[in-house]
Amino acid sequence: MPFMLPASLTFMATLAMGSFLTRMQLLWKYGFDWSYTFRLAAVLLLSFLTIPLRMSERLLFFKRIKKEVLAKPPVFILGHWRSGTTFLHLMMCSDPQWSYVPSYQVIGSKFSELFEIPFFNRLSYAMMPANRSFDNVSLHPNSPQEEELAVADRLKYSIFHYFCFPKAVDDLLRFTHFKDATKKQLTCFKVAYRTVLQKASIATGRRQLLVKNPANTARVPLLMEMFPGCKFIHITREPYVMFRSIYHFHDVMTKYCSLHAVSPDLLNSNVIKFFKMVEGQYLQDRDTIPKGRLTEIRFEDLMQDPLGQVKRMYEEIGLSGYEEALPHLQKFLAAQAEYKQNVFKPCEPNVTRLINEHWAFAFKEWHYPMRNEDGSVMVAEEKRQ
């Protein structure tokens, strides 16, 4: 087995290999807790040492990337983190008609073109853990990945910086939707995001891109402006189960990346804010999507009938090639037969109360039953109170 960094070092290394200037600007704005001085020093050192790599990519590949034209408008998979976006993305990407953002391009995004060179290609394997630490999903340098980390590598206007600065959640959540962004912030994001997708197109055969990024759930108008004709697939999940899974995700990511001390109460509050902002913004913007360019699915329905649901989604947004994709989808599902999802204990009464208070819109919109603090299903009269 080749050498691989442990997941904790991989997250920290990925965080560190973006722009040194960006890291300094974020530190100046959001600060850090002194207990994380060693982690901060390691991040800054690695960011500084990789400056020559970032300069090399710009010198060698800038023109090729800049002139890349996407084959077709992308298809965007939307849905909050831990709603099933990864499973849906991996399953659909088994269909060879799709291009996607490969995992190696989010590790050191600003020099990932160098991974075409054999030495750096071997390095990408060493930097990639075999599995994601928060859900044990298999990882590989060429496997499909969400691109928000690559965006965060390039500029400071990304929600992914939250995992380094969780106390700055209210300020960073603005960079999910960019509704109140300055012209400079918006321009920087558009350039960085388009560059990430151009690089992905080059790396994966210049086919139509299938993109999975939960942050995009709040960016529908911006994406339609940037990529006219793009289409959307939205997935959601039972809110109580999703809360537990999101909390676990935040807990693991902040444990590996944070420069702020966090408490369970802070994580509870941040999880509530994330979902309310991201999915609430999606529901505000959903009606602006033209007919035939959006399909929605619940994770539970996808797991019960994955092939039938994928076929329905292809038909609803006018995607061709389902019959040709079917053998690949079946092969993917067979390979997933032994995978075990995380199992979490039921929410505590105070957490159930928080979810019912702040996420009530999700239960109503996607037809999930609300529960009392003791776990029993609410009757209609209780929901109205």
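Residues numbered from 1 in each chain as written. Predicted model: local features only at pLDDT ≥ 70, side-chain atom pairs only at ≥ 80, totals over all residues. Heavy atoms only, no water.

Engineer: So what exactly am I meant to see when it comes to the overall build of the protein chain here?
Structural biologist: Scanning the protein chain from N- to C-terminus turns up 19 helices and five strands. Of all intrachain contacts in the protein chain linking residues separated by at least 6 positions in sequence, the fraction that spans at least 24 positions is 79%. For the protein chain, the exposed area adds up to about 17400 Å²; of that, 60% sits on carbon and sulfur atoms. (Helix = DSSP H or I, 4+ residues; strand = E, 2+ residues; numbered from the N terminus. Contact = heavy atoms within 4.5 Å. Areas by Shrake-Rupley, 256 points an atom, 1.4 Å probe, with all protein chains shown as cover.)

Engineer: Would you mind going over the nonpolar core with me for this structure?
Structural biologist: If you look at the biggest cluster of nonpolar residues, it comprises 72 residues, and the most contacted ones within it are Phe76, Phe165, Tyr193, Phe232, Phe243, Ile355 and Trp359. The element best represented in this core is helix H12 (residues 239-257), accounting for eight residues. When residues no more than four places from it in sequence are discounted, the contact partners of Phe243 are Asn268, Val271, Ile272, Cys347, Val351, Ile355 and Trp359. Counting residues in each nonpolar core, the second largest holds 25 residues, with Trp98, Tyr100, Ile297 and Leu329 among its members. (Core = buried A, V, L, I, M, F, W, Y, C linked by side-chain atoms within 4.5 Å. Buried < 20%, exposed > 50% of the residue type's maximum accessible area, 1.4 Å probe, protein only.)

Engineer: Is there a simple way to think about the environment of Leu259 in this case?
Structural biologist: Among the secondary structure elements, Leu259 is positioned in the loop between H12 and helix H13 (264-285). Look at Leu259 and you get buried, because its relative accessible area is 4%. Sequence spacing of Leu259 and Gly31 is 228 residues, and the spatial spacing of their C-alpha atoms is 8.1 Å. Here Leu259 is in contact with Leu27, Phe32, Asp33, Tyr36, Arg39, Leu40, Cys164 and Phe165, once residues within four sequence places are set aside.

Engineer: I would appreciate a short explanation of the sheet that holds strand E2 (residues 98-99) in the present structure.
Structural biologist: What links the strands of a sheet is backbone hydrogen bonding, and the strands pair in either a parallel or an antiparallel sense. Taken in spatial order, the five strands of this open sheet run E2-E3-E1-E4-E5, and their pairing is parallel. At either margin of the open sheet sits one strand with a lone partner, and together these are E2 and strand E5 (294-298). Running at roughly 125 degrees to strand E3 (residues 208-212), helix H10 (residues 183-203) makes contact with strand E1 (75-78), E2 and E3 of the sheet. (Pairing = 2+ DSSP bridges. Axes fitted to C-alpha atoms, helices over the stretch in contact; angles between N-to-C directions.)

Engineer: Quick question: what am I supposed to make of the packing of H12 against helix H17 (residues 349-358) here?
Structural biologist: Angle between the axes and distance between the axes: these two values describe a pair of packed helices. Contact pair H12 / H17: the axes reach a minimum separation of 11 Å and the direction vectors enclose 115 degrees. If you check the angle between H12 and H17, you find them roughly perpendicular. Here the hand of the crossing between H12 and H17 comes out right-handed. Contacts between H12 and H17 involve Pro239, Tyr240 and Phe243 on the former and, on the latter, Val351, Thr352, Ile355 and Asn356. Classifying every residue of the contact of H12 with H17 gives five nonpolar, two polar and no charged. (Parallel < 35°, antiparallel > 145°, perpendicular 65-115°, else oblique. Left-handed = near helix turned anticlockwise from the far one by under 90°. Nonpolar A, V, L, I, M, F, W, Y, C, P; charged D, E, K, R; others polar.)

Engineer: How should I be thinking about the packing of aromatic side chains in this particular structure?
Structural biologist: Aromatic ring pairs: the centre-centre distance and the angle between the two ring planes describe each pair. On inspection of all chains with the given rule, the structure shows 21 aromatic pairs. Considering the side-chain rings of Phe76 and Phe232, the 5.9 Å spacing of their centres and the 25 degrees angle between planes classify their relative orientation as stacked. Taken as a pair, Phe76 in strand E1 and Phe232 in strand E4 (residues 231-236) lie far apart in primary sequence, 156 residues in all. Of the two residues, Phe76 and Phe232, both sit in the buried class. Each ring, one from Trp81 and one from Phe274, has its centre 5.6 Å from the other, and the planes form 70 degrees; the classification is edge-to-face. Of the two residues, Trp81 sits in the loop between E1 and helix H5 (85-93) while Phe274 sits in helix H13, which places them 193 residues apart along the sequence. Each member of the pair, Trp81 together with Phe274, is buried. One aromatic cluster is present, built from ring pairs that chain together Phe76, Tyr157, Phe175, Phe178, Phe189, Tyr193, Phe227 and Phe232. In this structure, Arg298 packs its charged tip against the face of Tyr368, placed 4.5 Å from the ring centre. (Phe/Tyr/Trp six-rings, centres within 6.5 Å; stacked < 30°, edge-to-face > 60°. Lys NZ or Arg CZ within 6 Å of the ring centre and 35° of its normal.)

Engineer: What is the right way to look at the pairing of E5 in this model?
Structural biologist: Burial along E5 is one-sided: Thr295 and Ile297 are buried, while Leu294, Glu296 and Arg298, pointing the other way, are not. Looking at chain direction, E4 and E5 are connected through five bridges and run parallel. Bridged to Ile233 within E5 is Thr295.

Engineer: Would you mind showing me how to read the pattern of salt bridges here?
Structural biologist: Two side chains bearing opposite charge may form a pair once their charged atoms approach each other closely. Across all of its chains, the model carries 16 salt bridges by this definition. A salt bridge links Glu348 to Arg244; the shortest N-O distance between them is 2.4 Å. Taken together, the positions of Glu348 in the loop between helix H16 (322-335) and H17 and Arg244 in helix H12 put the pair 104 residues apart, joining distant regions of the chain. Among the ionic pairs, Arg312 bridges to Glu316, the shortest N-O distance being 3.0 Å. A residue pair is termed a helical-turn pair when its members lie 3 or 4 positions apart in one helix, as Arg312 and Glu316 do in helix H15 (residues 306-316) at four residues. Note on Arg312: relative accessible area 24%, which makes it partly exposed. Because the salt bridges share partners, they merge into one network encompassing Lys29, Asp171 and Arg174. (Salt bridge = Lys/Arg side-chain N within 4 Å of Asp/Glu carboxyl O.)

Engineer: Sorry if this is basic, but what is going on with H5 here?
Structural biologist: Within an α-helix, residues lying three or four positions from one another point in the same direction, as the helix has 3.6 residues per turn. Burial analysis of H5 places eight of its nine residues in the buried class, the great majority of the element. Those residues of H5 that fall on the buried side of the exposure criterion are Thr85, Thr86, Phe87, Leu88, His89, Met91, Met92 and Cys93.

Engineer: Looking at this structure, I do not really get unusual backbone geometry. What am I missing?
Structural biologist: Most peptide bonds take the trans configuration, and most residues that are not glycine carry a negative phi. Here the phi dihedral of Arg82 falls at roughly 75 degrees; this positive angle occurs in a residue that is not glycine. Tracing the sequence through the fold places Arg82 in the loop between E1 and H5. Looking at Arg82, the relative accessible area reads 15%, which means it is buried. Of note, the phi angle at Phe178 is positive, near 60 degrees, even though the residue is not glycine. Secondary-structure assignment places Phe178 in the loop between helix H9 (174-177) and H10. For Phe178, a relative accessible area of 4% corresponds to the buried category.

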